[in-house]
Amino acid sequence: MGSLVKMKNITKKFPGVTALDNISFDIEPGEVHVLLGENGAGKSTLMKILSGVYRPTSGKITVNEKEYDYLTPKDSYENGISIIYQELSVINELSIMENIFVGKIPVKTIMGIRVIDYPTMRQKASEALLKVGLIRDMNVFVENISISEKQQLEIAKALVSNAEIIVMDEPTTSLTISETEHLFKIIKQLKSEGKGIVYISHKMKEIKEIGDRVTVLKDGTYVGTRKVDEVEIDELVTMMVGRTIHGTYHNKNISDFKNEPVILEVKNISKKDGKVKNVSFKTHKGEILGFAGLVGSGRTELMDTIFGSGPKSYGEVFLNGRKLDIKNPYNSIKYGLAMVTENRRETGFMDNFDIKQNISVISNLKKSKAGGTIGLLDDKGEVEKAQIQVKDLRVKCTSIHQNITELSGGNQQKVILGKWMGVGTEFIIFDEPTKGIDVGSKSEIYELMRRLAEDGKGVIVVSSELPELLSVCDTICVFKDGKIIDTFDIKNVTEEKIVSASTGESGKVKEVN
Amino acid sequence: MESESKKLRRGSLKEVSFREMWQKYGTVGILAVLVIALAILKPASIFSATSISQILTQSSVNILLAVGEFFAILIAGIDLSVGSIAALTGMLTAKLMVGGVPPLTAIFLGILIGAALGFVNGFLVNKTGLHPFIITLGTQAIYRGITLITSGARSVFGFPISFTKGISSSIFGVPVPVIIAISVAVILTFFTKKTVAGRNIYAIGGNKDAAWYSGINVKLHTMMVFIISGICAGIAGIVLIGRVGAAEPGAATGFETYAIAAAIIGGTSFFGGKGKVFGVVIGGLIIGIINYGMTALTVPSSYQQIVMGGLIILSVTLDRFIATKK
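Each chain has its residues counted from 1, following the order in which its sequence is written. Working convention: letters from A go to chains and numbers from 1 go to ligands, in the order in which they are written. Confidence filtering applies because this is a predicted model: local features only for residues at pLDDT of at least 70, side-chain atom pairs given and counted only at 80 or more, and all residues used for totals across whole chains, interfaces and linings. Values shown for side chains rest on all heavy atoms present in the structure; no hydrogens or waters enter the calculation.

Enquirer: So what's going on with the pairing of strand β4 (residues 58-63) of chain A? Which residues, and what values?
Expert: Residue and element names in this part refer to chain A. As judged from the five bridges shared by strand β1 (residues 5-14) and β4, these two strands associate in the antiparallel manner. Within β4, the position partnered with M7 by the bridge is I61. As paired elements, β4 and strand β5 (residues 66-68) share three bridges and run antiparallel to each other. Bridged to T62 within β5 is E67. Only strands joined by at least two bridges in the DSSP assignment are considered to pair. Numbering goes from the N terminus for both helices and strands, where a helix is a DSSP run of H or I of at least four residues and a strand is a run of E of at least two. Hairpin geometry of β4 and β5 is characterised by an intervening segment of two residues between the two adjacent antiparallel strands and by a positive phi of about 50° at N64.

Written out as structure tokens, the structure reads:
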């Protein structure tokens, strides 16, 4: 029996970046094919080509013995390809049953009028829900069900649309151990029915447990495909990260920060909505402090509170021993705080500004008075500053007058960093600083962080990428449910320790790496 | 193969420069085309000092309103109350003068009133968090109502001669309303190009959240924008009563439409963050010349509305088309 889908020599280029370089991938009936790779390896891009979101620059896709240059979303759907994204796409405002039939409501004709066929809907929905083990009243609104139930719902949705190939993008990220086990049961059943499953993950333990074959991608290139039974986890890790160990950026001179001067001290910070609960910590001279934790654990809210960009809260913040009175980002910037936000496009840069104007935002604000309203621009100074930063940070651009939207993600991020440099920044928070950034820019940003720390600036890094935290930070705090639940020294921490602390399942997770 | 890629590149280069040309000179080009068209159709109507000063004078009130409106649109908002602010300011200034307040003092107070009305707009926008469209739609009606109440729905006239004379006189052959409009435009150009606050307003228009994270006080600048718009509308209202010689309770009704049109035709992006004061002035002149030209060509005024409406849609579509074509 042939493959359900064959993707051959797929290349996808975006302006300035080759996201996928000559990748081949296939799915056979009744198998779980694991797609493995670090963030930015190209897993999601490859799957988006399969679902018809992107068109490949070159390459062929064969589905149901038909060859395509690219699939449209319609082709993909009609060929039984169904993707369950990490950020689930169920609609909270609809019931479970309605969600299953979004966009494909069964109809029947009564006296020439087409009406919704509720009996068929109920019957098909209950069949599918039974299969995935989601036993609930079908009229319950989806906003009232748990994340794992939403995931089951997504699978039921795929089954109803006769999916032959189901892609699951990191499905266990926000599941507990028992929920994960339940998901694996469902996957095994789907397998036995001859469906092909693409399972995207970077949890080694899961791969061994559920996978049949594994394909590894690295920086948009194909590394190899192995049978899960015949491969050791060590080999997979080497395949996945092997060629780009970016080195480590730890402080090499100091091993114990307790005796170093304190730069930033946070005392008993709480938020009214309970997303941050009574948090206290210190950062020391020369130290990079990392924050790990699941998305939604309250890390970003904590940073927003310190920086003054979030709603009012309780607690005290001291910078170099001085108590800060922060009401908004304007105050905190005047005190010398800086924040590189998680989402460049939404909160990082002005898309109507060129590089120079984006870089000058902070320096202009700093020299102005009355809340930034009184002050004159200094054209010459702006140009000079922009040129210095572009050169220092090695921003690839045609000139400082180029619009920032024309740059690649890494260079955009460098411009954003540039606006905080040379303006008296004393303390800087990086929230997911290398999201969607090429490897080269990544290591340059890590180097910059270390330089800042060595210059005596306070540095905090919030990241969901554990390898990033492990290679950059000197101390790592694990955040969960609005609290720091554990703090690790870099010398005695592993990825597994952080994961078990942040999911609260210590003891249950075996050491596998 | 190679030559083909070269050709392609040259083609795209050409297109880029055309795009830039359009963005820089598009509105001036439209103005030039209109002037030439009028010169061909009716030479006598345009080639005289009086006709030129007439076009400029007629456009000055709209330009004053439009350069204020420009800032409201620049932060991706809008100010629908500029016509009503002009009417109320004009009415109160008229009342003051008729009541014996010296013209210069009355003018100064009038401008303060315009600023205060703008402040109310900004205050409501900031406090409620509603879109400026809603707030200024409301204040448009409220300010008009106050105008009717304070005037008893009657026109006010009988201003000191020094005031009406002053407004309708010329300095070195340039009518005073034109001088006022140009001065305001020059000050605002300086403001947008050379001050931190001006740059911050562009930043807010481009990305409000990023501006907030960069320490820009969004509410403070929003307030500033509506005060500027109020001041400009106030000045427009004072010029208007000077030119007409009376303050009418229904004055400047619907003028916000022309102000918005001038800003848009002048290249201001409705999504915020893009535009120039100079472009808005040209936009105001384009509307002025269409009205003047069509009157000169004895086209009924109802048709003038259709032409202006068509021009708004055409100029924005063209702008869009050229900007997105790559």
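Still more to cover.
Enquirer: Run through empty space enclosed by the protein, naming residues and quoting values.
Expert: Residues and elements named next belong to chain A. Residues are said to line a cavity or pocket when one of their atoms sits within 4 Å of a point; the points come from a 1 Å grid over protein atoms alone, cavities being sets where a 1.4 Å probe fits but cannot get out and pockets being open sets with protein on both sides within 12 Å along at least five of seven lines. Grid points are joined across faces, edges and corners, and a volume is the space filled by probe spheres set on the points. Inspection of every chain in the model, using the stated rule, returns four cavities of 30 Å³ or more. Computed from the structure, the largest cavity encloses a volume of approximately 90 Å³. Together, D392, L393, R394, K414, L417, E444, I445, E447, L448 and R451 line the largest cavity. In terms of residue count, helix α15 (residues 439-454) provides more of the lining of the largest cavity than any other element does, five residues in total. Throughout, the ten residues Ala, Val, Leu, Ile, Met, Phe, Trp, Tyr, Cys and Pro are labelled nonpolar, Asp, Glu, Lys and Arg are labelled charged, and all others, Gly among them, are labelled polar. Here the lining of the largest cavity is built from residues that sort into four nonpolar, no polar and six charged. For every domain, the bounds stem from an assignment made automatically or drawn from a database. Residues lining the lining of the largest cavity come from more than one domain, with at least three contributed by each of domain 2 (246-336 + 426-513) and domain 3 (348-424).

Enquirer: Describe the nonpolar core, naming the residues involved and giving the relevant values.
Expert: With 150 residues, the main nonpolar core has A:F281, A:F291, A:L302, A:I306 and B:F71 as its most contacted residues. Among the elements that make up this core, the one with the highest residue count is helix α3 (residues 49-74) of chain B (12 residues). Residues lining this core come from more than one domain, with at least three contributed by each of domain 2 (246-336 + 426-513) and domain 3 (348-424) of chain A. Contacts are assigned to residue pairs that have any heavy atoms within 4.5 Å of one another. Ignoring any residue separated from it by four or fewer positions in sequence, one finds A:F281 in contact with A:L264, A:E265, A:V266, A:L289, A:F291, A:L302, A:I306, A:I460 and A:I484. Buried Ala, Val, Leu, Ile, Met, Phe, Trp, Tyr and Cys residues form a nonpolar core when they are joined through side-chain atoms within 4.5 Å. Under the scheme applied here, a residue whose accessible area is under 20% of the maximum for its type counts as buried, over 50% as exposed, and between as partly exposed, the area being computed with a 1.4 Å probe on protein chains only.

Enquirer: Any chance you could break down the sheet that holds strand β22 (residues 483-489) of chain A for me, citing the residues and the numbers?
Expert: All names here are of chain A. Spatial strand order, β18-β19-β20-β15-β21-β22: six strands in an open sheet with mixed pairing. Of all the strands in the sheet, just β18 (337-340) and β22 have a single pairing partner and so form its edges. The mean angle between the axes of side-by-side strands here comes to 20°, regardless of whether they run parallel or antiparallel. The pairing of strand β19 (residues 427-431) with strand β20 (residues 458-462) spans five bridges and is parallel. Bridge assignment links F427 to a residue of β20, and that residue is G458. In the packing of helix α9 (residues 299-307) onto the sheet, contacts are made with β15 (288-293), β18, β19, β20 and β21 (475-480), and the angle to β18 comes to roughly 150°. Lines are fitted to the C-alpha atoms to define the axes, a helix being fitted only along its stretch in contact, and any angle between axes, read from their N-to-C directions, falls within 0 to 180 degrees.

Enquirer: Break down the UniProt feature "transmembrane region" (unreviewed entry) in chain B for me, with residues and values.
Expert: Residues and elements named next belong to chain B. UniProt positions are given in the numbering used here, feature names are shortened, and annotations may be inferred rather than shown by experiment. Mapped onto this numbering, the UniProt entry annotates "transmembrane region" (unreviewed entry) at residues 21-41, 61-92, 104-124, 167-191, 223-245, 251-271, 278-297 and 303-323. Helix and strand shares over residues 61-92 are 78% and 0% respectively, and the end C-alpha atoms of the span are 18 Å apart. As a span, residues 278-297 carries 95% helix and 0% strand, and end to end its C-alpha atoms are 28 Å apart.

Enquirer: Please provide a residue-by-residue account of the packing of helix α4 (residues 82-98) of chain B against helix α11 (residues 218-244) of chain B, values included.
Expert: All names here are of chain B. Two elements in contact, α4 and α11, have axes separated by 7 Å at closest approach and are oriented at 55°. As summarised for this structure, α4 and α11 are arranged oblique, according to the angle between their axes. Between α4 and α11 lies a crossing whose hand is right-handed. On α11, the residues touching V82, I85, A86, T89, G90, T93, A94 and M97 of α4 are S229, G230, A233, G234, G237, I238 and I241. Comment on the angle field: the value is read as roughly parallel under 35 degrees, roughly antiparallel over 145, roughly perpendicular from 65 to 115, and oblique elsewhere. Whether a crossing is left-handed or right-handed is set by the direction in which the near helix is turned from the far one by less than a right angle, anticlockwise for left-handed and clockwise for right-handed.

Enquirer: Requested: an account of unusual backbone geometry, with residues and values cited.
Expert: If you check the backbone angles, A:N320 has positive phi at about 50° while not being a glycine. With a relative accessible area of 46%, A:N320 lands in the partly exposed category. Notably, B:T298 is not glycine yet its phi reads approximately 55°, a positive angle. Structurally, the position occupied by B:T298 is in the loop between α13 (277-296) and α14 (301-324).

Enquirer: An account of the interface of chain A and chain B is requested, with residue identities and associated values reported.
Expert: With 37 residues of chain A at the contact, the number on the chain B side is 26 residues. Accessible area that two parts lose when put together, evaluated with a 1.4 Å probe and summed over both, is termed the buried area. Approximately 2300 Å² of surface area, both sides summed, lies buried where chain A meets chain B, with 59% of it carried by carbon and sulfur atoms. The largest share of the area that chain A buries against chain B comes from A:N352, A:T373 and A:L377, three residues that together contribute 24% of it. One speaks of a salt bridge when a side-chain nitrogen belonging to Lys or Arg is within 4 Å of a carboxyl oxygen belonging to Asp or Glu. Across the chain A-chain B interface, the total number found is two salt bridges.

Enquirer: Any details on the sheet that holds strand β17 (residues 322-323) of chain A? Residues and values, ideally.
Expert: All names here are of chain A. Spatial strand order, β14-β13-β16-β17: four strands in an open sheet with antiparallel pairing. Two strands bound the open sheet, and with one partner strand each, they are β14 (279-284) and β17. Pairing between strand β13 (residues 262-271) and β14: five bridges, direction antiparallel. Of the residues in β14, the one forming a bridge with L264 is T283. Lying on the sheet, α9 is in contact with β13, β14 and β16 (313-319); it crosses β13 at an angle near 110°.

Enquirer: Lay out the domain arrangement of chain A with the relevant residues and their values.
Expert: Under the domain assignment used here, chain A contains domain 1 (5-80 + 164-244), domain 2 (246-336 + 426-513) and domain 3 (348-424). On a C-alpha basis, the centres of domain 1 of chain A and domain 2 of chain A stand 32 Å from each other.

Enquirer: Can you tell me about the side chain of B:S81, naming the residues and giving the values?
Expert: All names here are of chain B. Its location among the elements puts S81 in the loop between α3 and α4. What qualifies as a polar contact is a pair of N or O atoms within 3.5 Å, subject to a donor-acceptor requirement within protein and to the restriction that residues adjacent in sequence count only when both atoms come from side chains. Within the local environment of S81, its side chain forms a polar contact with the side chain of D79, the two groups lying 2.7 Å apart. At 2.9 Å, the side chain of S81 forms a polar contact with the side chain of N121. Aside from chain neighbours lying at most four places away, what touches S81 is N121, T136, T139, Q140 and Y143.

Enquirer: I'd like a description of the packing of helix α8 (residues 176-194) of chain B against helix α9 (residues 196-206) of chain B, backed by residues and values.
Expert: Residue and element names in this part refer to chain B. Closest axis-to-axis distance for the α8/α9 pair is 5 Å, and the angle between their directions is 75°. Regarding the angle of α8 to α9, the classification is roughly perpendicular. Of α9, the residues touching α8 (which contributes F191, T192 and K194) are V196, A197, G198, R199, I201 and Y202. The residue inventory of the contact of α8 with α9, partitioned by class, reads five nonpolar, two polar and two charged.

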